[in-house]
Each structure stands twice: as C-alpha cells, then as structure tokens.
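Structural overview
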Amino acid sequence: MRMYDIIAKKRDGQALTKEEINFFIEGYTNGDIPDYQASALCMAIFFQDMSDEERANITTAMVNSGETIDLSPIEGVKVDKHSTGGVGDTTTLILGPLVASLDVPVAKMSGRGLGHTGGTIDKLEAVPGFHVEIDKQEFIDLVNQNKVSVIGQTGNLTPADKKLYGLRDVTATVNSIPLIASSIMSKKIAAGADAIVLDVKTGAGAFMKSLEDSKELAEAMVRIGNQVGRNTMAVISDMNQPLGRAIGNALEVKEAIDTLNGNGPEDLTELCLTLGSQMVVLAGKAETLDEARHKLEESMKNGKALEKFATFLASQGGDGRVVEDPSIMPQASKQFELPAKKSGYVSDIVADEIGTAAMMLGAGRATKESEIDLAVGLYLNKKVGDYVEEGDSLLTIYANQSDVEEVKAKLYENITVSDQKVDAPTLIHDSIT
Ligand code: URA
Ligand code: CA
C-alpha cells in the first residue's frame, strides 16, 4: 500500500477502505508517513468528505493508536458527557454529582483550561484540599463506592489524534466535520465510555458559529458513536453569551452548589437537566427523558444532589463543608461594578471575549505555563434580554488587582445595550436522541 495512492483516491472523491485508513493512521502515528502527505490527505478529506463507514473506521483507528481505559471493573453503564467548549460552562461540576445521585456511574477524566475556556480540574481545585492525582485503581474504587470520581488525564490516549490535530491546526484543515467528529469521538471512546452525551455549542463563543454546522457536527458524532457500539445522544445549545452567571474557578464552584440546590441560574439549570436526562436514560435508570428529568429535579429538591457533591469532594481530599460555606474557597480581595452607560435591553454579551476578560484577571491561562488565580472572575448581573437602568451594574468584577481599566474596556466593548426590546435567546436549539 502506498500513501500516494490513498491521497489520490480521496482527492478523486472515492471512499477509503478500512485497511487504507488503518495504514494511514498507523503510519502517521509511528512516523513512517510524513506530515506533508498527511496534510495532503486532510485537505482532500476537507473537500471530499467521508462516508459514515469511513468516519467510523478513522475513529476506531485513532482509538487503537494508543492506550485505552478499561472501565469494565465499574458496575453499570458508564456514561460520559462531552461539551465542545464554552465560556463559564459549569455543567460538568453539576452533572457529575447530579446524575451520580441517581446511581449513574460517572468516571470522568478531565483536563485543565486554556485560553478563554475554563477546565473542570482547575475549578474543582478551588475547593481546599481537592486533588485529582489519584491512581487508576483508586479512581475505579471511588466510582464503585460513590458513583462519581474525577481523574486527571492519564496514559497515552489517541496519540494519532494529538498529532493529527496539531497538523490540522497549521494546515487550515481543522474545520472539517468528519475530522472534528472522529477526533472528539476517538477521545471519548478511548477514555472508556459505554455511552456518550454530547453538548454541541453553537454561536459566537463556540467552535461552530452557525446552527446548521453545529447540527451537522452533532449528527455526525451521534452516528459515529452508534456505529461503533456506544449509544450516543446530543444537545445543541446556545453559546452566544456565557452560560450561567459566574465565570472563574471558585465563582463557578459556588454557582454549581447553588444549582445543585435548585437555586442556580435558569439557563444553566435547564441545560443540566436536559443533558442529565439523556445521561440517565442512556444509563438505563429511567425509561423516558421526562421520567429522568423528574428524578433529577427531585434530587435537587431533597438535597441528595448536593450531598453527593460533598461526598465526592471529600473522597478526593476536598473540604466538603464548602457546600454549606463557599467562602472557604479563595476569595478575591476587590470587587468592581460595571455600570451600564445607558438604559435599555441587554442585546449581546460576546461569550469568548468575556472569557478572555476573565482570563486577563487571571481566571484562565494565556499559555499552558500560566498560573491561574482561583478566586478571580466575573459575575453577570444581567443577561441577554434583561432590562437595565443607566448606572445599574451589568456585571461584578472579582479581582486581586487594583487596576482593572483594561478589563473594563474589554467588557464594555463586548456587552451591548439596545433601545429595542430583546428576547432572551433560545438555549436548547435541538436534541438528537
Ligand atoms: N476539538 C477536538 O478535540 N478535535 C477537533 O478536531 C476539533 C475540536
Ligand atoms: Ca457559569
């Protein structure tokens, strides 16, 4: 087999066989196939697309390129949730304990944040003592015991994807549905999930800016999952404005606590209930999405969800008292308000730019090496559709620095107040079940 022929075949619009795809992925991973040939193939895929069968085959080939995690010692159907990345997306913190409170096992491997999006591990580390440096056996034992545990990235999972994603990034071939879908799904499958729930974000703060593209990506991932034997569902949710109100690590943990209590922001609560219902159904703990939702709401009301959060935190060294007293987390020394310059309706809060403003305060990392400040961040007092009086606070800045003029300027640039009445945006655009 020759890589040249594989490139030419795809260039001419033909489907590649499983053997050809395996030859490419294995050869590229071990260095036999050079970057220039791999980039030519990615560009051919970008223009010629891949059939469902090719998509499933490239996903499986990438899974097989490295280690995989065996979660079979954990009882029950392990459902993983994946979000395509957002700003102030506190859902993972909430969904873990929430669905675990219904005995759905959550074995979560998570990462740290980079740029304008936060990472689940960073957020959890705002809880004094909490750590994710546990070994695999402890991780499995904790999930069996408490139904929920979070571990840092371990093992050499999907090296083919790592290499290929890096190459696509510099060859203008990231934005290809078959390549994105296989990249994301290979990582979920290698991490051991039996079933997968996807939160595909759409809008200004999302990877996919248009609803049409987001839908296409969601459908592609659901088809791959189902083809390779992992039941998969998806939600397409809005990421024009940040989700919830808090952006920043300790602030988002507090927001998660409020939400688990049933007192969270409306949009965040709704998204968690929607995604959570899919997880519960896939895990076989409810027959219908409605039944699952009802059980989840019950768990928020009767305190079981919050209790599960405290148990989970304590099981990994964290101070579980945080659920009663969030002030034991790092607190910012200063607060600044951002007064509205005129009265009207908030019409736009540009999610990724707001995320960047939080990063400028130290809530996120500009580079992989940056230190983050767990205490700082932003809290949106107004969301899109809300009426605001001139001088009222649009948002509160939590900082450990006295000069926040640059941050304020960035925020003003990215929050629009309009004279016309504006409706709150649709949160859930679609569900694929
Ligand atoms: N995220 C991924 O993990 N892979 C892609 O290809 C795009 C976004
Ligand atoms: Ca939030």
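Computed from a predicted structure; not experimentally measured. (Residues numbered from 1 in each chain as written. Chains lettered and ligands numbered in written order. Predicted model: local features only at pLDDT ≥ 70, side-chain atom pairs only at ≥ 80, totals over all residues. Heavy atoms only, no water.)

1. A closer look at the sheet that holds strand E10 (residues 387-388)
Defined as follows: Two strands form a pair only when DSSP identifies at least two bridges running between them. Numbering of helices and strands runs from the N terminus; a helix is a DSSP stretch of H or I covering at least four residues, while a strand is a stretch of E covering at least two. Only heavy atoms matter for contacts: two residues are in contact if any of them lie within 4.5 Å across the pair. For helices, the fitted line uses only the C-alpha atoms of the stretch in contact; every axis is such a line through C-alpha atoms, and the angle between N-to-C directions lies from 0 to 180 degrees.
Read across the sheet, three strands follow the order E10-E8-E12 without closing on themselves; strand pairing throughout is antiparallel. The open sheet has two edge strands, E10 and strand E12 (415-418), and neither has a second partner. With four bridges connecting them, strand E8 (residues 344-349) and E12 associate as antiparallel partners. The partner of Val346 across the bridge, within E12, is Val417. Relative to E12, helix H16 (residues 405-414) is tilted by about 45 degrees, and along the sheet it contacts E8 and E12.

2. Some words on the pairing of strand E9 (residues 377-380)
Pairing between strand E6 (residues 246-247) and E9: two bridges, direction antiparallel. The partner of Ala246 across the bridge, within E9, is Tyr379.

3. A short note on the pattern of salt bridges
When the charged atoms of two side chains lie near each other, side chains of opposite charge can form a pair. The line we're drawing: Salt bridge, as applied in this entry: a Lys or Arg side-chain nitrogen positioned within 4 Å of an Asp or Glu carboxyl oxygen.
Counted under the stated rule, the structure contains 23 salt bridges. The shortest N-O distance in the salt bridge between Asp49 and Arg55 comes to 2.7 Å. Shared partners join several salt bridges into a network, and the residues in it are Asp80, Lys108 and Lys188.

4. Focus: the site of ligand 1
For the record, the criterion: We call a residue near a molecule or strand whenever a single non-hydrogen atom of that residue lies within 4 Å of it. Here a polar contact is taken to be a pair of N or O atoms separated by no more than 3.5 Å, where protein atoms must pair a possible hydrogen donor with a possible acceptor and residues adjacent in sequence count only if both atoms sit in side chains. Residue exposure ignores everything except the shown protein chains as possible cover, and the areas themselves are Shrake-Rupley values with a 1.4 Å probe. Gly is placed with the polar residues, together with every amino acid not listed as nonpolar (Ala, Val, Leu, Ile, Met, Phe, Trp, Tyr, Cys and Pro) or charged (Asp, Glu, Lys and Arg).
In the neighbourhood of ligand 1, the contacting residues comprise Tyr165, Arg168, Ile180, Ser183, Ile184, Lys187 and Phe207. One nitrogen or oxygen atom from the side chain of Tyr165 is found 3.4 Å from a nitrogen atom belonging to ligand 1. Arg168 places a polar side-chain atom, nitrogen or oxygen, 2.9 Å from an oxygen atom of ligand 1. Bound to the protein, ligand 1 loses 87% of the 240 Å² it would expose on its own. Only helix H8 (159-169) and helix H9 (177-190) provide two or more residues apiece to the shell around ligand 1. Across the shell around ligand 1, the residue classes break down as four nonpolar, one polar and two charged.

5. Structural notes on the confidence of the model for the chain
Note the threshold: Known as pLDDT, the predictor's confidence for each residue is given on a scale from 0 to 100.
Residues of the chain with pLDDT of at least 70 account for 99%, and the chain-wide mean is 95. Prediction confidence for the complex, expressed as pTM and ipTM, is 0.94 and 0.91 respectively.

6. Comments concerning the side chain of Asn414
By secondary structure assignment, the location of Asn414 is in helix H16. Among all residues touching Asn414, those that are not within four sequence positions of it are Asp348, Ile349, Val350, Glu353 and Ile354.

7. Looking at helix H11 (residues 249-260)
Operational definition: Helices are assigned an expected span. That span is 1.5 Å times one less than the residue count. Three labels apply to residues, based on accessible area from a 1.4 Å probe with only protein chains included: buried if under 20% of the type maximum, exposed if over 50%, partly exposed otherwise in between.
In this model H11 runs 17 Å from its N-terminal to its C-terminal C-alpha over 12 residues, within 8% of the 16 Å that 1.5 Å per residue would give. The buried count for H11 comes to 10 of 12 residues, which makes it a mostly enclosed element. Among the residues making up H11, those that are buried are Asn249, Ala250, Leu251, Glu252, Val253, Glu255, Ala256, Ile257, Thr259 and Leu260. Once H11 finishes, Gly262 follows within two positions and takes phi at roughly 85 degrees, a positive value.

8. Quick notes on the nonpolar core
Rule in force here: Put simply, buried Ala, Val, Leu, Ile, Met, Phe, Trp, Tyr and Cys residues joined by side-chain atoms within 4.5 Å make one nonpolar core.
Judged by nonpolar contacts, the single largest core of 83 residues is most densely connected at Phe309, Leu378, Ile397 and Leu411. No other element matches the nine residues that helix H12 (residues 266-282) contributes to this core. In this view, Leu378 contacts Arg245, Ala246, Ile247, Leu251, Ile354, Ala357, Ala358, Leu361, Leu395, Thr396, Ile397 and Leu411; residues no more than four positions away in its chain are not counted. Core analysis: the second largest hydrophobic core is formed by 35 residues, Ile74, Met109, Phe139 and Val143 among them.

9. As for the sheet that holds E9
Spatially, E6-E9-E11-E7 is the arrangement adopted by the four strands of the open sheet, whose pairing is antiparallel. The two strands at the open ends of the sheet, each matched to only one other strand, are E6 and strand E7 (334-339). Packing of H16 onto the sheet brings it into contact with E7, E9 and strand E11 (393-399), and relative to E7 it is tilted by some 35 degrees.

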